[in-house]
Amino acid sequence: MERVNFQVIEKKWQKKFALSNLYNKKGKKFYCLEMFPYPSGKIHMGHVRNYTIGDVIARFKYMKGFNVLHPMGWDAFGLPAENAARQNNLKPKDWTEENINTMRKQLKMLGLSIDWDLEVSTCNPDYYKHQQELFIDFYNLGLVSRKETYVNWDPIEKTVLANEQVINGKGWRSNAVVERKKLSQWFFNITKFSEELLQDLENLSGWPDKVKLMQKNWIGKSYGCEINFKIDNLDKNIKVFTTRPDTIFGASFLAVSIDHEISKNFVNNNDFKKFQEECSKIGTTEEALANAEKIGYNTNLFAKHPFIKGKKIPIFLANFVLMDYGSGAIFGCPAHDQRDFEFATKYGLPIIRVVSEKKDDQKSDLLEAYTGTGIMINSEFLNDLNIAQAKQKIIQEIEKRKIGISKTLFRLKDWGISRQRYWGCPIPMIYLEDGSVVPVEKSELPIKLPDDVDLNSSGNPLENHTNWKKTVQKKTGNPAIRETDTLDTFVDSSWYFIRFCSPNYKDAPYKLNDVNYWMSVDQYIGGVEHAILHLLYSRFFMKAIKLSNKKVNCSEPFKNLFTQGMVCHETYKDSNGNWLYPEEVDKQSSGKVLKKSDKSEVKIGPSESMSKSKKNTVDPETMINQYGADAVRWFILSDSPPEKDVQWSDTGVISASKFLQKFWNLSQLIVNRKEKKTLKKELEDFEIKINSTKFKIDKAINNFQLNVAIAQFYEVYKYLNDAIDFQIDNKKLKENFKDIIKLMIPFTPHIAHECLANLKCIDANKWPNINKKILENLAINMVVQVNGKTRDVLNINRDMNEKEIDKIIKTKSKAQKHIVDKKVVKTIYIKNKIINYIVK
RNA sequence: GCCCUCGUGGUGAAAUUGGUAGACACAAAGGACUUAAAAUCCUUGCCCUUUUGGGAGUGCCAGUUCGAGUCUGGCCGAGGGCACCA
């Protein structure tokens, strides 16, 4: 049999895929989007998986008659471009563009049904001009502010990181230990949407619960109240936020953050300085802070207990109270909060129980804080209430006495967007001589990045540039200085899906009609690592854009979200402990693995997600050249469910390639098949099998069970191979075979189209009809059980009644010997499924 | 510490959502074809029985049910998210 030349047919069909008229441009809209890539150099297997999954969905929808939007772009700003440019003495722009060209070429090799006319790149002034417009819109809406705050400073990247970019106290990209630094920064006031961002999660039924939960926890809504404590002998109050106002009678101290304004009273105090030093010694990483011992500084001030006349409780400055949550002060109730318990134990403060699990259990000493349910004790008017009732009552009382107010707090913080880097979108703000800061005129946009920057000196290249920042205010002609910070690259990716709706529109970031037609994204696909950052920011952008233009009728950007798993590969180390690439090792049939260069033994490590640092990567382009794009696509979908990690295996892709070859062989056999006469019964059975396969595949794709769909193709292949010899005429056989191949187009578009062309198929891009009537008449397998144990399976007509079945079982079935001579106590009969005899 | 998810052959996984456990694939062993190899195809896969058969079996222990991989409770293990958030 002739071997199919993958290279030739893939090139041939990719030319046709490039003509957008191949795709349906009518019908109901369907916006299919995969997270766009950062152009780091070459595509990796993670991209292959992501975009192949997306392509299956997009092609599936095209074929089902939808008008599909399936674009691609580049998340092209970012620090690696600067680093690479510095190392290779290039311009970030040139480096980025070169990578884009490479990766575009590679993506095209995969045969994706992308509409390349819509391509956008975030580093292109045509794109970031509109981002600057949006920034100004947001500014005018009061959604942008400038704040002096402690920031997460990455000492390697010399830039500020958002909280979300700090992972275990380290920079998400550099892995450097993050420092605390006070800087003036630009913020998007994402917290203005806290409630909405939380509420609207409820409507996102097409999102994984896991992702919604992560966002919910991140937003972190908590109910409680604020209480004012009067400081004794001082005309001052300390505001305290608590979610447990019910435990107020157990309060034995106040603890206040070191950054709280009250600590200003002690700046000249040597003990305080010592304490401050001690705190800073602990380090600034969240991990270190979380595990650090709780220490305090006794201010010798006292607060009046708001409900116990004459009672005074000491005020401490404490390292475990955070300034940027609540009001930076708490009341300590050691009996019912573990942190307070540790603190009180250390400083010998009273531990007063106010919640008791049982009424009589109040004498034993606590070994740790009790945080469970119970009823109130030692709490005057709250006694005998449960916690919920007590909370309600005390808040009423607090409000009545005007010493506080019920309050809801969010953990979510505003989004710091300033970056002291060159390769990002310039922030369109200017500083005037009178000290005010104003946006530039929209007509001046884009504020372009300069080409001639020095990336080799430290600090912010735009700040260091000789004249870039010098400008004049257009309206007045007065001299002004440009903002030299650039935007966090997460801003770039927070609205690209909107730009895709009208990517070439020059007048505004989006064309209203196009956005209202295409948005929201019907299917968004990407890695779960973006569950919080990117998705939350994008949701914020959509809401902010809607706020700036009431005619936009979309408030959530992504209707359905699918998060795919990672691509993994085993790791290899030589005897010196150096990582080795898979192509540097040889696998022996004995199971041993040897280093190719010197035949030394190689240690195999566990399979981990592919990363350059561990060298467990496989180059997609090499694989495509070797086995064909279809085989690579097929394998990466076949082995695991898309939401789980998949193990890359060379033998797997080889077998995928072999299967496609066999499938092609089969199509040749069918093309050249000799005519046969049809036997009615054989044709019926055949059509039942083909239709049930079609049904299962269609359903599997709908459910994102692409691995299950592929298993169906393997199964039906075997069947079709036998079916060649069935008594079925060529027309019927080919018709059914064509339908099966059409189902393969989303998975392996090149070879499927090639086979269909050989079969002279004229409507290849139309999803075949499934004859449900045939399926309804399908014979079923009736399971026959005795005492719950399966004794036989009967292939019988659908909807047969119990009596008939009982007759068959008692005369012909293998189960009869388990029933005869025994008393049938009960029979459970589930139509078309099972019959279970209970015998004694 | 808190929250969430998941435990099925040597491996990746299926299982119509409470109804034949292990589809499909990888790897392995045996066989066919071949002078041989490659390629291709077939068979096997826990225990007992020569076979027909029978039994055990979805991390562990209990429970609900005619029937549990699927539901409930407890335990053990793995992964993920958050982490001094008051």
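Counting starts from 1 at the beginning of each chain's written sequence and moves along it residue by residue. Lettering for chains starts from A, numbering for ligands starts from 1, and both go in the order in which the items are written. With the structure being a predicted model, the display of local features is reserved for residues of pLDDT at least 70 and the display and counting of side-chain atom pairs for 80 or more, all residues being used for whole-chain, interface and lining totals. Based on all heavy atoms of the structure, the side-chain values leave hydrogens and waters out of the count.

**Things to note about the overall build of chain A**
So, point 1. Elements are defined by DSSP. Helices are runs of H or I of four residues or more, strands are runs of E of two residues or more, and each kind is numbered from the N terminus. In terms of helices and strands, chain A carries 26 helices and 37 strands.
So, point 2. His is not counted, nor are the chain ends; Lys and Arg add positive charge and Asp and Glu add negative charge. One atom stands in for each charge, and that atom is NZ of Lys, CZ of Arg, CG of Asp or CD of Glu. With 128 positive and 104 negative side-chain charges, chain A shows a spacing of 5 Å between the two charge centroids.

**Considerations on the sheet that holds strand 19 (residues 415-416)**
So, point 1. DSSP bridges decide pairing: two strands pair if at least two such bridges lie between them. Pairing in this open sheet of 4 strands is antiparallel, and the strands run 6-5-9-19 from one edge to the other. Since the sheet does not close on itself, it has two edges, and those belong to strand 6 (159-161) and strand 19, each with one partner.
So, point 2. Pairing between strand 9 (residues 179-188) and strand 19: 2 bridges, direction antiparallel. Paired with Phe-187 across the two strands is Gly-416, which belongs to strand 19.
So, point 3. Docked against the sheet, helix 5 (residues 125-140) engages strand 5 (144-154) and strand 9, running at close to 90 degrees with respect to strand 9. The criterion used for residue contact is that any of the two residues' heavy atoms lie within 4.5 Å. Interaxial angles span 0 to 180 degrees and are taken between N-to-C directions of axes, which are lines fitted to C-alpha atoms, for helices over the stretch in contact.

**Thoughts on the protein's contact with RNA strand B**
So, point 1. For this purpose, a residue is taken to be near a molecule or strand whenever a single non-hydrogen atom of the residue falls within 4 Å of it. Not every one of the 52 residues close to RNA strand B is listed here, only the nearest: Thr-243, Tyr-325, Arg-339, Asn-781 and Asn-836.
So, point 2. The sugar-phosphate share of atoms of RNA strand B within 4 Å of the protein amounts to 63%.
So, point 3. Here a polar contact is recorded for every N or O atom pair within 3.5 Å, except that within protein the pair must consist of a potential hydrogen donor and a potential acceptor, and residues adjacent in sequence are included only if both atoms are side-chain atoms. A distance of 2.7 Å is found between a base nitrogen of RNA strand B and a backbone nitrogen or oxygen belonging to Leu-322.
So, point 4. Among the elements that line the surface near RNA strand B, the one with the most residues is helix 21 (residues 706-723), at 5 residues.

**Focus: a positive patch on the surface**
So, point 1. Patch membership requires more than 30% relative accessible area and the absence of a salt bridge. Residues of like charge join within 9 Å; the nonpolar side chains Val, Leu, Ile, Met, Phe, Trp and Tyr join within 5 Å. To measure how exposed things are, a 1.4 Å probe is used in the Shrake-Rupley method; for residues, cover is taken only from the protein chains shown. We count a salt bridge whenever a side-chain nitrogen from Lys or Arg sits within 4 Å of a carboxyl oxygen from Asp or Glu. A cluster of like positive charges, contributed by Lys-789, Arg-791, Lys-814, Lys-817 and Lys-822, occupies part of the molecular surface.
So, point 2. Relative to the elements of secondary structure, Arg-791 occurs in strand 35 (residues 789-796).
So, point 3. Among the residues examined, Arg-791 registers a relative accessible area of 33% and is labelled partly exposed. Exposure classes here rest on a 1.4 Å probe applied to the protein chains alone. A residue is buried below 20% of its type maximum, exposed above 50%, and partly exposed in between.

**Description of the confidence of the model for chain A**
So, point 1. A residue's pLDDT is simply how confident the predictor is in it, with values from 0 to 100. Taken as a whole, chain A shows an average pLDDT of 89; of its residues, 95% reach a score of 70 or greater.
So, point 2. Confidence metrics for the complex model read pTM 0.92 and ipTM 0.94.

**So, the pattern of salt bridges**
So, point 1. Enumeration over the complete set of coordinates arrives at 36 salt bridges.
So, point 2. The partner of Arg-421 in a salt bridge is Glu-82, and the shortest N-O contact between them spans 3.1 Å. You can see Arg-421 sitting in the loop between strand 20 (418-419) and strand 21 (429-432) and its partner Glu-82 sitting in helix 3 (residues 79-88), a full 339 residues away along the chain.
So, point 3. The class of Arg-421 is buried, set by a relative accessible area of 11%.
So, point 4. Measuring nitrogen to oxygen at the nearest pair gives 3.4 Å for the salt bridge that ties Lys-294 to Glu-342. Of this pair, Lys-294 sits in the loop between helix 9 (286-291) and strand 13 (296-304) while Glu-342 sits in helix 10 (residues 338-347); the two residues are 48 residues apart in sequence, bridging distant segments of the chain.
So, point 5. Judged by its relative accessible area of 13%, Lys-294 is buried.
So, point 6. Owing to a relative accessible area of 36%, Glu-342 belongs among the partly exposed residues under this scheme.
So, point 7. Residues joined by salt bridges that share partners form a network here, namely Asp-200, Arg-539, Lys-543 and Glu-556.

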